[in-house]
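Chain residues, written in single-letter form:
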Amino acid sequence: MDIRPILSTLRRHKTAASLIVLEVALTCAIVCNALFLVSQRIDKISQPSGVAEKELIVVRVSGIGKQTDAMARTREDIAALRAVPGVTQVSRANQLPFRNNSSNSGIARTPEQERPTIHAAMYSFNEGALSTLGLNLIAGRDFLPSEYVDREKAQSGEGAGKAVPVIITQAAADGLSPGQTALGKTFYSGDQPLNVIGIVQHLATPTGWGDNTTMSLIMPLRTDFTEGVYLLRSAPERRDEVLKGALAALERNDPNRLVREKLTYEDQRNDFFKNDRAMVGLLITVCVALLVVTALGIVGLASFWVQQRSKQIGIRRALGATRGQILRYFQTENFLLATVGIVLGMLAAYAINLALMNTYELPRMPLIYLPIGAVLLWLLGQIAVFGPARRAAAVPPAVATRGS
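Residues numbered from 1 in each chain as written. Predicted model: local features only at pLDDT ≥ 70, side-chain atom pairs only at ≥ 80, totals over all residues. Heavy atoms only, no water.

### Here we look at the pattern of salt bridges
Following the criterion strictly, the structure yields 20 salt bridges and no others. Salt-bridge contacts for D254 lead to R73; the nearest nitrogen and oxygen are separated by 2.7 Å. In this pair, D254 is assigned in the loop between α7 (239-253) and β13 (258-264) and R73 in helix α3 (residues 70-82), connecting sequence segments 181 residues apart. Under the relative-accessibility criterion, R73 is labelled buried at 16%. Across the pair D77 and R257 runs a salt bridge whose closest N-O atoms are separated by 2.6 Å. With D77 in helix α3 and R257 in the loop between α7 and β13, the pair connects residues that are 180 residues apart, well separated along the chain. (Salt bridge = Lys/Arg side-chain N within 4 Å of Asp/Glu carboxyl O. Helix = DSSP H or I, 4+ residues; strand = E, 2+ residues; numbered from the N terminus. Buried < 20%, exposed > 50% of the residue type's maximum accessible area, 1.4 Å probe, protein only.)

Structure (structure tokens):
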């Protein structure tokens, strides 16, 4: 199709054409960045934790006043929790993936390093935690009973300078010893040597976001009930029953404690990501609203032009133009306007992404989102203009030329 008549017509309607171009450009710029942000949030929400999420129950209690027998009471609690019907495993942890709090440390290959090789989340687990959490040990071994130490004793300096056995994630192992096995090697957290005795496939960090979401390290440090949480594992269908039994068992052990948390791990995960899900919903709503407004603008302008050009359409029909040619005329016109708007929108999308990178430290938007936004707006434009174009193609020559 010869586009010169189309360009000539658009030059005579510069204001209306410019408005559509600017509307398409603005929509393209915002939609491209919004789709990128949505994909980021979805990746964050769907990332694996590495634990048996459907089988875990989390309970956190705290004492009232100073606790002088916290570790002894913790052992009593664990024994009572193991006796609850439906419980298959019990342990404790200082923190869990996706909990909005994190204990981290830099890990280096030598104690002389000024900068650590990696930064890892530092997990402290009581006995049986690997099986309770369902972590997949892919190399090495679990901790021996003799290797566990009370956190209070460790913090007092007892055993200082002695290598601590640790289990690390595969990501941490790759970061510390790229191309080689980290198993059996010694690394350092400050001056403290850490001997790697095992590697688990995956254990997400508590914050669950950033560049090091799977850099985690596990130490055999027992925590008492005043810090960390009790972890109970059971069949998914028995979690509600087990939770009630666990709370009753802890109440019998000490009624003068406060229950801070009592929920399944799935509930904890859902609560952690609720803001991200809300952001995804908001961004999708904004995208849909912009696309609808753009489509309505195209429909309105195309309908207006059909009405204004009825005489021109009738003359073309009288000279032998088919309905298909009239239809293609308006579709081509819309395609040209959308293309100019998309080109401008791509430039604006890139500029917006740079601003977001500088202001909010977001990553660079992959270029794939630009053609995705372009195709989306091309399709939207063709669908929106189809109705007015069909009405234009259906105008009979005799009616179009009457009363001019």
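### Quick word on the packing of aromatic side chains
Using the criterion set out here, one finds 8 aromatic pairs in the structure. Seen in terms of ring centroids, Y329 and F330 are 5.4 Å apart; in terms of plane orientation they differ by 80°. Their pairing is edge-to-face. Each member of the aromatic cluster is reached from another via a ring pair, and the members are F98, F272 and F273. One cation-aromatic arrangement involves R92 over Y230; the distance from NZ or CZ to the ring centre is 4.4 Å. Between R257 and the ring centre of F225, over which it is positioned, the NZ or CZ distance is 4.8 Å. (Phe/Tyr/Trp six-rings, centres within 6.5 Å; stacked < 30°, edge-to-face > 60°. Lys NZ or Arg CZ within 6 Å of the ring centre and 35° of its normal.)

### Brief notes about the pairing of strand β4 (residues 118-124)
The two faces of a sheet get side chains in turn, since along a regular strand they alternate between them. Among the 7 residues that make up β4, 6 are buried, leaving the element largely enclosed by the rest of the structure. As paired strands, strand β3 (residues 104-107) and β4 are joined by 4 bridges and run antiparallel to one another. Bridge pairing links G106 to H119 in β4. Sheet analysis places β4 next to strand β10 (residues 216-219), joined by 4 bridges and oriented parallel. Across the sheet, A121 pairs through a bridge with S216, a residue of β10. (Pairing = 2+ DSSP bridges.)

### Observations concerning a nonpolar patch on the surface
A cluster of nonpolar side chains, namely I284, V288, V292 and L296, defines an oily patch on the protein surface of about 350 Å² accessible area. Among the structural elements, V292 can be located in helix α9 (residues 274-308). (Patch = residues over 30% accessible without salt bridge, like charges linked within 9 Å, V, L, I, M, F, W, Y side chains within 5 Å. Areas by Shrake-Rupley, 256 points an atom, 1.4 Å probe, with all protein chains shown as cover.)

### Remarks on the nonpolar core
Ranked by internal contacts, the top residues of the largest apolar core, which has 44 residues, are I326, F330, L337, I342, M365 and L377. The set of elements that each furnish at least two residues to this core consists of α1 (4-12), α2 (14-46), α9, α11 (323-360) and α12 (369-393). If one sorts the elements of this core by residue count, α2 sits on top with 11 residues. Counting residues in each nonpolar core, the second largest holds 27 residues, with V51, A93, L96 and F273 among its members. (Core = buried A, V, L, I, M, F, W, Y, C linked by side-chain atoms within 4.5 Å.)

### Remarks on helix α10 (residues 310-318)
Within the span of α10, buried status applies to I313, G314 and R317. Angular distribution of buried residues about the axis of α10 spans 100°; they occupy a single face of the element. Backbone geometry just after α10 places G320 at a positive phi near 110°. (Arc of directions from axis to C-beta.)

### With respect to the side chain of E333
Position of E333 relative to the elements: it lies in helix α11. Discounting chain neighbours no more than four positions away, the residues touching E333 are I6, T9, L10, W305 and R309. (Contact = heavy atoms within 4.5 Å.)

### Considerations on unusual backbone geometry
Backbone geometry follows two general trends: most residues other than glycine have a negative phi, and most peptide bonds adopt the trans configuration. Within the chain, F98 stands out as a residue other than glycine whose phi angle is a positive 65°. Along the chain, F98 turns up in the loop between β2 (87-93) and β3. On the basis of relative accessibility, which here comes to 0%, the residue F98 falls in the buried class.

### Regarding α7
Its 15 residues place the ends of α7 21 Å apart at the C-alpha level, agreeing with the 21 Å of an ideal helix rising 1.5 Å per residue. Within α7, burial applies to R239, V242, L243, A246, A249 and L250. Buried residues of α7 fall within an arc of 130° about the axis and therefore sit on the same side. In α7, the exposed positions angled more than 90 degrees off the buried face are occupied by D240, K244 and R252. If you follow the buried residues of α7, they end up packed against β1 (56-62), α3, β2, β12 (229-234), β13 and α8 (265-272). (Expected span 1.5 Å × (residues − 1).)

### Remarks on the packing of α10 against α11
Contact pair α10 / α11: the axes reach a minimum separation of 10 Å and the direction vectors enclose 140°. Taken together, α10 and α11 sit at an angle that is classed as oblique. You can see that α10 and α11 cross each other, and the crossing is right-handed. Across from Q312, I313, R316 and R317 in α10, the residues of α11 making contact are R323, I326, Y329 and F330. Among the residues making up the contact of α10 with α11, the classes are represented as 4 nonpolar, 1 polar and 3 charged. (Axes fitted to C-alpha atoms, helices over the stretch in contact; angles between N-to-C directions. Parallel < 35°, antiparallel > 145°, perpendicular 65-115°, else oblique. Left-handed = near helix turned anticlockwise from the far one by under 90°. Nonpolar A, V, L, I, M, F, W, Y, C, P; charged D, E, K, R; others polar.)

### Focus: the confidence of the model for the protein chain
Close reading of the predicted structure is inappropriate where its pLDDT is low. Per-chain confidence: the protein chain averages 90 in pLDDT, with 96% of residues scoring 70 or above. Put simply, helix α13 (residues 397-401) is where the protein chain has its lowest mean pLDDT, 62, and β12 is where it has its highest, 97. (pLDDT = per-residue confidence, 0-100.)

### Section: the sheet that holds β2
Read from one edge to the other, the open sheet built from 4 strands follows the order β2-β12-β1-β13, with strand pairing classed as antiparallel. The open sheet is flanked by β2 and β13, the only strands paired with a single partner. Averaged over all neighbouring strand pairs, the angle between strand axes comes to 20°, with direction disregarded. Where β1 and β12 come together, 4 bridges link them in antiparallel fashion. Looking at β12, one finds that V58 is bridged to L231. The strands touched by α3 are β2 and β12; relative to β2, the strand with the most contacts, the crossing angle is about 160°. Along the sheet face, α8 touches β1 and β13 and points at about 90° away from the line of β13.

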